[in-house]
Amino acid sequence: MNCEKSGADESGLAIFKIKNSFISEESMLASLKKYFQQIQQNEHGLTVDFVDKKNSLTEYEFTVQGSKHQGSIETKKCPSSTVGIFFQEAKDDHSKNKDDFEKIMNSFTCS
């Protein structure tokens, strides 16, 4: 599932990937990083720099058309699935997106 802000000069993006199997948060994160890097490289010729923050969280940066972007991928283990949550934005839009991204993360629960 994807959620994007719309309109000129808007860059907020949230993506949710759900794997209905017994996969660890770490394995899911590694898979999502590889998938994201391949898409950026193949479709846009971009290299993404990842910085792992913990076993279930990585942050990344890339530049496209002179605009610096940043994002994060976090994984969560639920009883019957593992969920990957991407947040991405232009660095200049961080202050506009911060509260909305926090609301999404704070409202996320596994059941």
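Refer to the preceding data block for the structure.
Residues numbered from 1 in each chain as written. Predicted model: local features only at pLDDT ≥ 70, side-chain atom pairs only at ≥ 80, totals over all residues. Heavy atoms only, no water.

### Some words on the packing of aromatic side chains
(1) Moving on: Inspection of the entire model under this criterion finds six aromatic pairs.
(2) Moving on: Ring centres of Phe 36 and Phe 86 lie 5.7 Å apart, and the angle between their planes is 50°; on these two criteria the pair is classed as tilted. Taken together, the residues span a long stretch of sequence, with Phe 36 in helix α1 (residues 25–44) and Phe 86 in strand β6 (residues 82–90) at a distance of 50 residues.
(3) Moving on: Arranged with centres 6.3 Å apart and planes meeting at 10°, the rings of Tyr 60 and Phe 62 form a pair that is stacked.
(4) Moving on: The exposure class assigned to Phe 62 is buried, which follows from its relative accessible area of 7%.
(5) Moving on: Here the guanidinium or amino end of Lys 33 rests over the ring plane of Phe 50, the centre of that ring lying 5.4 Å away. (Phe/Tyr/Trp six-rings, centres within 6.5 Å; stacked < 30°, edge-to-face > 60°. Helix = DSSP H or I, 4+ residues; strand = E, 2+ residues; numbered from the N terminus. Buried < 20%, exposed > 50% of the residue type's maximum accessible area, 1.4 Å probe, protein only. Lys NZ or Arg CZ within 6 Å of the ring centre and 35° of its normal.)

### Here we look at α1
Side chains that are three or four residues apart share a direction in an α-helix, a result of its 3.6 residues per turn.
(1) Moving on: Helix length check: α1 (20 residues) gives 27 Å between terminal C-alpha atoms against 28 Å at 1.5 Å per residue, within 8%.
(2) Moving on: Burial in α1 covers these residues: Met 28, Leu 29, Leu 32, Lys 33, Phe 36 and Gln 40. An end-on view of α1 places all buried positions within 135° of arc, on one side of the element. Opposite the buried face of α1, at more than 90 degrees from it, the exposed residues are Lys 34 and Asn 42.
(3) Moving on: Contacts made by the buried residues of α1 are with β2 (13–19), β3 (49–54), β4 (57–64), β5 (67–77) and β6.
(4) Moving on: Immediately beyond the C-terminal end of α1, within one or two residues, lies Gly 45, with a positive phi of roughly 65°. (Expected span 1.5 Å × (residues − 1). Arc of directions from axis to C-beta. Contact = heavy atoms within 4.5 Å.)

### Some details on the environment of Asp 100
(1) Moving on: Locating Asp 100 in the fold gives a position in helix α2 (residues 94–107).
(2) Moving on: By relative accessible area, which is 33% here, Asp 100 ends up partly exposed.

### Quick word on the pattern of salt bridges
(1) Moving on: According to the stated counting rule, one finds six salt bridges in the structure shown.
(2) Moving on: Here Lys 76 ties to Glu 74 by a salt bridge, and the two come within 3.5 Å at their closest N and O atoms.
(3) Moving on: What makes Glu 74 buried here is its relative accessible area of 16%.
(4) Moving on: Linking Asp 93 and Lys 96 is a salt bridge whose minimum nitrogen-to-oxygen distance equals 3.5 Å.
(5) Moving on: For Asp 93, a relative accessible area of 9% gives the class buried. (Salt bridge = Lys/Arg side-chain N within 4 Å of Asp/Glu carboxyl O.)

### Section: the side chain of Gln 88
(1) Moving on: By secondary structure assignment, the location of Gln 88 is in strand β6.
(2) Moving on: On the basis of relative accessible area, Gln 88 is assigned to the buried category, the value being 13%.
(3) Moving on: Within the local environment of Gln 88, its side chain forms a polar contact with the side chain of Tyr 60, the two groups lying 2.9 Å apart. (Polar contact = N/O pair within 3.5 Å; in protein donor to acceptor, adjacent residues only side chain to side chain.)

### Some words on the pairing of β5
(1) Moving on: Here β4 pairs with β5 via eight bridges, running antiparallel. Opposite Leu 57, over in β5, you have Glu 74 as the bridge partner.
(2) Moving on: Where β5 and β6 come together, nine bridges link them in antiparallel fashion. In the sheet register, Lys 76 faces β6, and the bridge partner there is Val 83.
(3) Moving on: Once β5 ends, the chain turns through four residues before running back antiparallel as β6. (Pairing = 2+ DSSP bridges.)

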